[in-house]
Amino acid sequence: LVSCAKRAKTPNSELAVCRVLLAELEAHQDAWPFLSPVKLKSVPGYRKVIKKPMDFFTIKEKLINNMYLNQENFIIDVNLVFDNCQKFNEDDSEIGQAGHRMKRFFDKRWTELLRK
Ligand SMILES: Cc1ncccc1N[C@@H](C)c1ccc2c(c1)OCCO2
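Here the structure is a predicted model, which means the values were calculated and not measured.

A. A look at the pattern of salt bridges. Considering all chains together, one arrives at 7 salt bridges under this definition. Across the pair Asp107 and Lys103 runs a salt bridge, and its minimum N-O distance is 3.2 Å. Note that Asp107 and Lys103 are positioned in helix 5 (residues 94-114) at a spacing of 4 residues, about one turn of the helix. When its relative accessible area of 27% is taken as the criterion, Asp107 is described as partly exposed. Linked by salt bridges that have partners in common, Glu24, Lys108, Arg109 and Glu112 make up one network.

Structure, rendered in structure tokens:
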């Protein structure tokens, strides 16, 4: 039989994987600093230093409201969470360490799930 062309991934199946990945991030024991938006009034300097705040709750809202057209936009927002964390927090701080652990976990899982 002639093999059919490799079926392109439909956007919704791409986004289904993003929902699975986000659920795993939210369930991770080191997710606590990233579960909701940083309160800009209660963290001195955050608003000035971090130009594009991002967190897992906001990402979930964007997924639910179909604001991600593809996996790439989702991955950009997740990496923004970790880049903001590294920019604002010392590597040896509680939050800094949580951020490094979460980034390592994410990089591993999306490689396994998305790089099929
Ligand atoms: C990711 C991040 N980077 C820099 C600062 C804060 C945060 N997270 C907030 C939720 C946060 C995390 C931990 C906290 C906190 C707020 O305020 C009270 C003390 O403990």
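B. Representation of the site of the ligand within the structure. The environment of the ligand is made up of Trp32, Pro33, Phe34, Val38, Tyr46, Phe88, Asn89 and Ile95. Within the backbone of Pro33, a nitrogen or oxygen atom sits 3.1 Å from a nitrogen atom of the ligand. At a separation of 3.2 Å, a nitrogen atom of the ligand approaches a polar side-chain atom of Asn89. Bound to the protein, the ligand loses 60% of the 450 Å² it would expose on its own. In this structure the site holding the ligand corresponds to the largest pocket.

C. Region of interest: the nonpolar core. One finds Phe56, Ile59, Phe74 and Phe106 to be the most contacted residues of the largest nonpolar core, which totals 25 residues. At the level of secondary structure, the elements contributing two or more residues to this core comprise helix 1 (11-27), helix 3 (56-64), helix 4 (71-88) and helix 5. The element best represented in this core is helix 4, accounting for 7 residues.

D. Spotlight on the packing of aromatic side chains. Applying the stated rule across the entire model yields 6 aromatic pairs. A centroid spacing of 5.9 Å and a plane angle of 90° characterise the contact between Tyr68 and Phe74, whose relative ring orientation is edge-to-face. Across the pair, Phe74 and Tyr68 agree in class, each one buried. Through pairs of rings, three or more aromatic residues link up here, namely Phe34, Phe56, Phe82 and Phe106.

E. Local environment of unusual backbone geometry. Positive phi outside glycine occurs at Asn66, with the angle close to 55°. Here Asn66 is to be found in the loop between helix 3 and helix 4. Given a relative accessible area of 58%, Asn66 falls into the exposed group.

Calculation criteria
- Residues numbered from 1 in each chain as written.
- Predicted model: local features only at pLDDT ≥ 70, side-chain atom pairs only at ≥ 80, totals over all residues.
- Heavy atoms only, no water.
- Salt bridge = Lys/Arg side-chain N within 4 Å of Asp/Glu carboxyl O.
- Helix = DSSP H or I, 4+ residues; strand = E, 2+ residues; numbered from the N terminus.
- Buried < 20%, exposed > 50% of the residue type's maximum accessible area, 1.4 Å probe, protein only.
- Near = heavy atom within 4 Å.
- Polar contact = N/O pair within 3.5 Å; in protein donor to acceptor, adjacent residues only side chain to side chain.
- Areas by Shrake-Rupley, 256 points an atom, 1.4 Å probe, with all protein chains shown as cover.
- 1 Å grid on protein atoms, 1.4 Å probe; cavity = no way out; pocket = protein on both sides within 12 Å on 5 of 7 lines; lining within 4 Å.
- Sits in = over half its atoms within 2 Å of the grid points.
- Core = buried A, V, L, I, M, F, W, Y, C linked by side-chain atoms within 4.5 Å.
- Phe/Tyr/Trp six-rings, centres within 6.5 Å; stacked < 30°, edge-to-face > 60°.

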